[in-house]
2 protein chains.
Amino acid sequence: MDRKEQMSKLKKELIEEMGVYFESQDILSPLSSRIFALLALVGYDGVTFDEIVEELEVSKSSVSTNLQLLQSMGRISYYTKPGDRKRYFKISVNDMVNRLDDKIDSWQKERKLHEKVANYRKEIIAISNKTNSEIQKDLSFNIHYIEFVDKMIENLQKLKTNILITINQEK
Amino acid sequence: MDRKEQMSKLKKELIEEMGVYFESQDILSPLSSRIFALLALVGYDGVTFDEIVEELEVSKSSVSTNLQLLQSMGRISYYTKPGDRKRYFKISVNDMVNRLDDKIDSWQKERKLHEKVANYRKEIIAISNKTNSEIQKDLSFNIHYIEFVDKMIENLQKLKTNILITINQEK
DNA sequence: CTTTTAGTTCGGCAAAAACCGAACTAAAAG
DNA sequence: CTTTTAGTTCGGTTTTTGCCGAACTAAAAG
């Protein structure tokens, strides 16, 4: 097996490994994950429709559907070269930033839920005239956790601005 | 509608809202999510098998299966009261810590993948004798990102030790 | 020893997810 | 105006997921 074959095998293995990761992590369909992995691996230049069909050995229709899906999620985009009808698909420039935003949103949602639960518990305590110490314990944990979530959000926001700075430097 | 009915309605709404969140966030089945939400809401005392069946209006078999699932994931556990055959299910004491561990693992996985991709790119550059500047750009982004991931992992670990300290204080 | 309780196991079924091939379309090339 | 290219759309099939009821089991109660 020569060098090129070795690299192509490595490529396939990497795509599979990344694919499995994205599938579980970002809740993408198997094929969407593989496509995204391929785009991530190839990077700057992007990949054409037919290259995806060939590399992943899947039907055109599936590629079409999943590319549309990824685009509608804002995770990928494409550019064209003058005098070339093909589309070159690549990961959105700010995909990483978007994903961080999603993570921040998610933590904020969790925060709100914890607040609601805390309010529910306060109500319960108010109704049952006997001051139930176990619910008090649960409640204080809620409140603690909200503080942690705030810290987490802060950290993610810092990370985001750091990444934005780097992206601007690279340009 | 009296106070009790109001609270029970609020409870159902909260369970549904939390359920939807867990379903998308933690990749749990719909019922697993609802059960987990119920346990989270009730807190310290825990909930019996039959209470779950009643509150969520689902079959015993589904509850059984999903409880086993959640237990095998280490997300819930149960205790028994002397002279009472029922099991009282509740969220694992260190579920939060476990989830943080999972998140750390996930970032570490992502880090490893980025390293592999970086190595792949280095190989590609080595093979193509012409020093391709676009791949270089991709590569430098890889390396930057790995640094960010490291910071993220560090933050999560800090958060974890903070939580562990709090848990020990509560005891 | 029989009955009840508390939960488990298993086969089945309905709905959703994921992919495919074949026919189609819109724009560029010839 | 016809053909080719590059991708889309749609109907159908296969797999997977998620729940259910009915029969079962193990342990405690009577």
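Figured I'd write up the structure that's included with this text. The numbering scheme is per chain: residues are counted from 1 as the chain's sequence reads. Chain labels run from A onward and ligand labels from 1 onward, assigned in the order the entries are written. Totals for whole chains, interfaces and linings use all residues, but because this is a predicted model, local features are given only for residues with pLDDT of at least 70 and pairs of side-chain atoms are given and counted only at 80 or more. Note that water and hydrogens are dropped before the side-chain values are worked out from all heavy atoms of the structure.

Turning our eyes to something else, we now look at the protein's contact with DNA strand D. Residues in contact with DNA strand D amount to 17 residues; listed here are only the nearest, Lys60(A), Ser64(A), Arg85(A), Ser61(B) and Ser62(B). Counting only the atoms of DNA strand D within 4 Å of the protein, the fraction contributed by sugar and phosphate is 58%. At 2.6 Å from a base oxygen of DNA strand D is found a side-chain nitrogen or oxygen belonging to Arg85(A). Where helices and strands are cited, they refer to DSSP runs of H or I of at least four residues and of E of at least two residues respectively, numbered from the N terminus. Looking at the surface near DNA strand D element by element, the count peaks at 4 residues for helix 4 (residues 60–72) of chain A. Three classes are used: nonpolar for Ala, Val, Leu, Ile, Met, Phe, Trp, Tyr, Cys and Pro, charged for Asp, Glu, Lys and Arg, and polar for all others, with Gly counted as polar. Residue composition of the surface near DNA strand D, grouped by class: 4 nonpolar, 8 polar and 5 charged. Any residue with a heavy atom positioned within 4 Å of a molecule or strand is treated as near that molecule or strand. Polar contacts, as used here, are pairs of N or O atoms within 3.5 Å; protein pairs need one atom able to donate a hydrogen and one able to accept it. Residues neighboring in sequence count only if both atoms are side-chain atoms.

Here we take up the pairing of strand 3 (residues 87–91) of chain A. All names here are of chain A. Here a strand pair is declared whenever DSSP counts at least two bridges between the two strands. Pairing of strand 1 (residues 47–48) with strand 3 involves 2 bridges; the strand directions are antiparallel. Bridge pairing links Thr48 to Tyr88 in strand 3. Examined bridge by bridge, strand 2 (residues 76–80) and strand 3 share 5 bridges and lie antiparallel to one another. Bridging across to strand 3, Ser77 finds its partner in Lys90. Counting the residues in the hairpin turn of strand 2 and strand 3 gives 6 residues, including Gly83, whose phi is positive at 75°.

Whether two residues are in contact is decided by their heavy atoms, any of which lying within 4.5 Å being enough. Contact residues are listed per partner, giving 50 residues for chain A and 50 residues for chain B. For any pair of parts, buried area is found by adding up, for both, the accessible area (1.4 Å probe) each one loses once the two are put together. Approximately 5,100 Å² of surface area, both sides summed, lies buried where chain A meets chain B, with 66% of it carried by carbon and sulfur atoms. For this document, the term salt bridge refers to a Lys or Arg side-chain nitrogen within 4 Å of an Asp or Glu carboxyl oxygen. Summed over the shared surface of chain A and chain B, the result is 6 salt bridges. With a shortest N-O distance of 3.2 Å, Arg3(B) and Glu123(A) are connected by a salt bridge. In this structure, the connection of chain A to chain B is made through 16 residue pairs in polar contact (both at pLDDT 80 or more). Elements with a minimum of two residues in the side of chain A that touches chain B: helix 1 (3–25), helix 2 (30–42), helix 5 (95–127) and helix 6 (133–170) of chain A. Here the side of chain A that touches chain B takes 18 residues from helix 6 of chain A, the largest share from any one element.

Residues and elements named next belong to chain A. Taken together, the 3 strands give an open sheet; going across it, the order is 1-3-2, and neighbouring strands pair in antiparallel fashion. With partners counted over all chains shown, the strands left at the sheet margins are strand 1 and strand 2, one partner each. Under this scheme, a helix contributes an axis fitted over its contacting stretch, all axes are lines through C-alpha atoms, and angles between N-to-C directions fall in the 0 to 180 degree range. Its contacts with the sheet put helix 2 on strand 1, strand 2 and strand 3, and the angle it makes with strand 3 is roughly 90°.

A word on the packing of aromatic side chains. Residues and elements named next belong to chain A. Centres within 6.5 Å make a pair out of two Phe, Tyr or Trp rings, where for Trp the six-membered ring is used; the pair is then stacked when the planes are under 30 degrees apart, edge-to-face when over 60, and tilted otherwise. Scanning the model with the defined rule gives 8 aromatic pairs over all chains in all. Both rings, one in Phe22 and one in Phe36, keep their centres 5.0 Å apart while their planes meet at 90°; by these two values the pair is edge-to-face. A residue pair is termed long-range when its members are at least 10 positions apart, and Phe22 in helix 1 and Phe36 in helix 2 qualify at 14 residues. Here Phe22 matches Phe36 in class, with each residue buried. An aromatic cluster is defined as three or more aromatic residues linked by ring pairs; in this entry it consists of Tyr21, Phe22 and Phe36. Our definition puts a charge over a ring when NZ of Lys or CZ of Arg is within 6 Å of the ring centre and also within 35 degrees of the ring normal. Sitting above the plane of the Tyr44 ring, Lys90 keeps its charged end 4.3 Å from the centroid. Only protein chains enter the accessibility calculation, which uses a 1.4 Å probe; a residue is then buried when its area is under 20% of its type maximum, exposed when over 50%, and partly exposed in between.

Turning to the relation of the copies chain A and chain B, a few remarks are in order. Here the copies were fitted onto each other by least squares, based on C-alpha atoms from residues at pLDDT of at least 70 in both. By a simple turn and slide, chain A fits onto chain B: the slide is 0.0 Å along the axis, the RMSD is 0.2 Å, and the turn is 180°. As the rotation angle and translation indicate, the two copies are arranged about a two-fold axis. Among all residues of chain A, the minimum C-alpha distance to the rotation axis is found for Asn155(A), at 3.6 Å. Take the interface residues of chain A: 100% of them recur as interface residues in chain B, which is what a same-surface contact looks like.

Looking now at the environment of Phe141(A). Residue and element names in this part refer to chain A. Within the fold, Phe141 resides in helix 6. The exposure class of Phe141 is partly exposed, given its relative accessible area of 23%. In the structure, Phe141 is positioned 19 residues away from Lys122 in sequence and 13 Å away in space, judged by C-alpha atoms.

Moving on, we get to the sheet that holds strand 3 (residues 87–91) of chain B. Residues and elements named next belong to chain B. On the basis of which strands lie adjacent, the open sheet formed by 3 strands has the order 1-3-2 and antiparallel pairing. The open sheet is flanked by strand 1 (47–48) and strand 2 (76–80), the only strands paired with a single partner. Across the sheet, helix 2 (residues 30–42) is in contact with strand 1, strand 2 and strand 3; its angle to strand 3 comes to roughly 90°. Its contacts with the sheet put helix 4 (residues 60–72) on strand 2 and strand 3, and the angle it makes with strand 2 is roughly 110°.

Here we come to the protein's contact with DNA strand C. For DNA strand C, the set of nearby residues contains 17 residues, the closest of which are Ser61(A), Ser62(A), Lys60(B), Ser64(B) and Arg85(B). Within the side chain of Ser62(A), an N or O atom sits 2.7 Å from a phosphate oxygen of DNA strand C. The leading source of residues in the surface near DNA strand C is helix 4 of chain B, at 4 residues. The residue inventory of the surface near DNA strand C, partitioned by class, reads 4 nonpolar, 8 polar and 5 charged.

Read these as spatial facts, not as claims about activity.
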